[in-house]
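Now for the letters of each chain:
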Amino acid sequence: MSKTVELARHLEKLHINNMYKNDFYWTWDKTDEELDAIFTVADALRDLRERNKSTRVFDSGLGISIFRDNSTRTRFSFASACNLLGLEVQDLDEKKSQIAHGETVRETANMVSFMADVIGIRDDMFIGEGHKYQKTFMDALDEGYSDGVLEQRPTLVNLQCDVDHPTQCMADLLHIIHHFGGVENLKGKKVAMTWAYSPSYGKPLSVPQGVIGLFTRMGMDVVLAHPEGYEVMPEVEKIAAENAAKNGGSFTKTNSMEEAFADADIVYPKSWAPFAAMEERTKLYQAGDKEGIDALEQRLLAQNAQHKDWTCSEEMMSKTKNGKALYLHCLPADITGVSCEKGEVDSSVFDRYMVPLYKEASYKPYIIAAMIFLSQVKDPAKALMEMDAGDEHRKNH
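To keep things clear, this report deals only with the structure shown in the data block. (Residues numbered from 1 in each chain as written. Predicted model: local features only at pLDDT ≥ 70, side-chain atom pairs only at ≥ 80, totals over all residues. Heavy atoms only, no water.)

### Regarding the side chain of Arg122
As a reminder of what qualifies: Here a helix means four or more residues in a row that DSSP labels H or I, a strand means two or more in a row labelled E, and each is numbered from the N terminus. When accessible area is computed with a 1.4 Å probe and restricted to protein chains, residues below 20% of their type maximum are described as buried, those above 50% as exposed, and intermediate ones as partly exposed. Throughout, a residue-residue contact means that at least one pair of heavy atoms, one from each residue, lies within 4.5 Å.
Residue placement: Arg122 occurs in strand E3 (residues 116-123). A residue is classified by how much of its surface remains accessible, and Arg122, at 12% relative accessible area, is buried. The residues contacting Arg122, other than those within four sequence positions of it, are Ile66, Phe67, Arg68, Asp69, Asn70, Ser71, Thr74, Leu159 and Gln160.

See the structure below:
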């Protein structure tokens with residue numbers, strides 16, 4: 001029995017009917033079985049590709065990507081995922097569109113979606129705006145489909161918003177699952193999701209929020225650590241606490257990086273901007289207050305500079321479980337002595353974990369492909385078995 005068939009049989013046992021023709025906004029919107037299904041399909045698609053089996057479920061169609069913030073890994077992961085399933089990708093460059101001439105979100109959404117099967121949107125920089133934009137866009141497509149403008153209603157994949165970064169955090173978690181030999185081995189593992197110093201300001205909160213919102217569902221002991229004043233959204237902290245209570249793990253907070261790293265199995269040191277500051281920045285942008293934005297940036301850079309000791313150093317790593325915790329980062333990291341004078345992580349630590357970090361990133365195309373697959377394929381287990389049994393190859397050799 002192939003690995004794909006084994007995974008497909010597991011998929012048959014899961015209750016995932018709600019995933020078909022549905023969107024993916026936040027991980028906490030999904031049931032445990034639906035998250036299990038995404039991991040299962042991601043592993044199956046990877047197995048099929050590694051065995052040179054075709055995974056095309058589309059003969060034609062478009063995946064539309066809308067990146068309102070810069071991206072390398074997520075942009076190419078989305079393109080790879082669409083291509084893996086047989087979709088072409090078209091990127092909406094707002095600077096080359098009619099948006100600057102007053103085209104509304106509703107109009108843009110319908111105009112780019114005539115033959116689209118999936119829409120991937122990244123909009124992460126402004127608190128209260130990223131998720132709102134995604135929802136406004138997809139509501140417009142609901143109307144377009146209902147009014148007969150669109151032949152099909154595309155599915156949304158959240159490629160990062162102001163609240164969550166589901167494709168990143170699920171790729172991180174799948175990496176952890178494989179590293180520790182199965183999801184059953186995660187219960188009780190200590191995760192340190194910590195702030196780390198960066199010489200830049202304004203990094204989104206969606207990664208730390210996504211991590212605490214997802215990892216607490218695995219029965220892990222998740223610690224959120226940051227200096228005073230670097231809080232994340234309280235509603236996401238509440239979700240994390242509820243998840244921990246429900247699944248037998250824990251969710252705690254501390255203002256000590258050392259305390260978070262102590263005996264940790266997994267560390268995720270990453271910079272982010274304070275929630276209150278991100279709210280302030282959003283209001284300044286909405287008001288067009290450039291001087292206010294510049295003043296806020298200088299204030300936040302000065303605030304960051306007070307916490308240069310919050311870095312993933314060799315000394316800090318020595319405090320972890322046997323000094324060998326799994327180091328995670330969504331990349332790119334601010335590497336001391338490489339990309340900046342002082343940053344999130346020492347170069348020696350980063351170099352030691354470079355291969356695992358690249359493997360961590362390699363799960364993202366398959367996670368995104370699984371999200372698309374489960375939303376677009378009515379009987380996903382059957383489709384995987386047919387791919388496994390088929391003689392169509394990705395490469396003809």
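Having put the structure on the table, let's press on.
### A word on the sheet that holds strand E2 (residues 88-91)
Where strands meet in a sheet, backbone hydrogen bonds hold them as pairs that are either parallel or antiparallel. Formally: Note: two strands are recorded as paired if DSSP finds a minimum of 2 bridges between them. Orientation is described by axes fitted as lines to C-alpha atoms, over the contacting stretch for helices, and by angles from 0 to 180 degrees between their N-to-C directions.
One open sheet accounts for 4 strands, arranged E2-E1-E3-E4; its pairing is parallel. Two strands bound the open sheet, and with one partner strand each, they are E2 and strand E4 (155-161). Ignoring strand direction, the axes of neighbouring strands in this sheet form an average angle of 20°. The pairing of E3 with E4 spans 5 bridges and is classified as parallel. Paired with Ile119 across the two strands is Leu156, which belongs to E4.

### Section: a nonpolar patch on the surface
Which entries qualify depends on this criterion: Residues qualify for a patch when their relative accessible area is over 30% and they have no salt bridge, like charges being joined within 9 Å and the nonpolar side chains of Val, Leu, Ile, Met, Phe, Trp and Tyr within 5 Å. To measure how exposed things are, a 1.4 Å probe is used in the Shrake-Rupley method; for residues, cover is taken only from the protein chains shown. Salt bridges are defined as contacts in which a side-chain nitrogen from Lys or Arg sits within 4 Å of a carboxyl oxygen from Asp or Glu.
Taken together, the side chains of Met111, Phe114, Met115 and Val149 make up a nonpolar region of the molecular surface, amounting to roughly 410 Å² of accessible area. With respect to the helices and strands, the residue Met115 is situated in the loop between helix H4 (105-111) and E3. Take Met115: its relative accessible area is 64%, and that puts it in the exposed class.

### Considering the pairing of E4
Short version of the rule: Crossovers are marked right-handed if the path from the first strand over the helix to the second runs clockwise, as seen with the strands pointing away from the viewer.
Across the 7 residues that make up E4, a large majority, 7, are buried. For the segment spanning E3, helix H5 (residues 130-146) and E4, crossover handedness is right-handed.

### A closer look at the packing of helix H10 (residues 275-287) against helix H11 (residues 290-305)
Here is the rule: When describing relative orientation, an angle under 35 degrees is termed roughly parallel and one over 145 degrees roughly antiparallel, while 65 to 115 degrees is termed roughly perpendicular and anything else oblique. Crossings are sorted by hand: turned counterclockwise from the far helix by less than a right angle, the near helix makes the crossing left-handed, and turned clockwise it makes it right-handed. Lys, Arg, Asp and Glu make up the charged group, whereas Ala, Val, Leu, Ile, Met, Phe, Trp, Tyr, Cys and Pro make up the nonpolar group; the residues left over, Gly among them, are polar.
At their nearest, the axes of H10 and H11 sit 9 Å apart, and the two run at 160° to each other. Judged on the interaxial angle alone, H11 and H10 are roughly antiparallel. Relative to H11, the crossing made by H10 is left-handed. For the pair H10 and H11, the contacting residues are Ala277, Glu280, Arg281, Leu284 and Tyr285 in the first and Gly292, Ile293, Leu296, Arg299 and Leu300 in the second. Of the residues in the contact of H10 with H11, the class split is 6 nonpolar, 1 polar and 3 charged.

### Thoughts on the packing of helix H6 (residues 166-179) against helix H7 (residues 206-215)
Contact pair H6 / H7: the axes reach a minimum separation of 9 Å and the direction vectors enclose 50°. Taken together, the axes of H6 and H7 lie oblique to each other. Crossing of H6 against H7: the hand is right-handed. Between H6, through Gln168, Cys169, Met170, Asp172, Leu173 and Ile176, and H7, the contact on the second element is made entirely by Val207, Gly210, Val211, Leu214 and Phe215. When the residues that make up the contact of H6 with H7 are grouped by side-chain class, the tally is 8 nonpolar, 2 polar and 1 charged.

### Re the packing of aromatic side chains
Using the following cut-off: Note on ring pairs: Phe, Tyr and Trp rings are taken, using the six-membered ring of Trp, and paired if centres are within 6.5 Å. Classes follow the plane angle, with under 30 degrees stacked, over 60 edge-to-face and the rest tilted. By definition here, charges over rings are those cases where NZ of Lys or CZ of Arg is within 6 Å of the ring centre and within 35 degrees of the ring normal.
Here the structure, examined in full by the defined rule, presents 6 aromatic pairs. Measuring from ring centre to ring centre gives 5.6 Å for Trp26 and Trp28, while their planes differ by 40°; the resulting arrangement is tilted. Measuring from centroid to centroid gives 6.0 Å for Tyr133 and Phe137, while their planes differ by 50°, and the two rings are tilted. Placement of both Tyr133 and Phe137 in helix H5 is noted, with a separation of 4 residues, approximately one turn of the helix. Both residues of the pair, Tyr133 and Phe137, count as buried. Put simply, the rings of Trp195, Tyr230 and Trp310 pair up and form one aromatic cluster. Lying across the ring of Tyr363, Arg46 places its NZ or CZ 4.8 Å from the centre.

### Quick notes on helix H16 (residues 380-389)
Note the following rule: The arc in question is the one traced by the directions running from the helix axis out to the C-beta atoms.
Within H16 the residues assigned to the buried category are Pro380, Ala381, Ala383, Leu384, Met387 and Asp388. Projection of H16 onto a plane perpendicular to its axis shows the buried side chains occupying an angular sector of 165°, all on one side. The inward-facing, buried residues of H16 contact helix H1 (3-12), helix H2 (32-50) and helix H15 (364-376).

### Concerning the pattern of salt bridges
Taken as a whole and assessed by the stated rule, the structure comprises 18 salt bridges. Residue Lys135 pairs with Asp139 through a salt bridge whose shortest N-O separation is 3.1 Å. Linking Lys135 with Asp139, this pair stays in helix H5, spanning 4 residues, or about one helical turn. Among the residues examined, Lys135 registers a relative accessible area of 36% and is labelled partly exposed. Under the relative-accessibility criterion, Asp139 is labelled partly exposed at 31%. Between Arg153 and Asp142 there is a salt bridge, with its nearest N and O atoms 2.8 Å apart. Of this pair, Arg153 sits in the loop between H5 and E4 while Asp142 sits in helix H5; the two residues are 11 residues apart in sequence, bridging distant segments of the chain. Note on Arg153: relative accessible area 17%, which makes it buried.

### A closer look at the sheet that holds strand E5 (residues 190-194)
Spatial ordering of the open sheet is given by E7-E6-E5-E8-E9, a layout of 5 strands whose pairing is parallel. Here the strands that pair on one side only, and so sit at the sheet edges, are strand E7 (250-254) and strand E9 (326-327). Taken together, the 5 bridges between strand E6 (residues 221-225) and E7 define a ladder with parallel strand orientation. The residue bridging Ala225 from the neighbouring strand is Thr254, located in E7. Against the sheet, helix H8 (residues 234-247) touches E6 and E7, its axis set at about 140° to E7.

What is shown is where atoms sit, not what they do.
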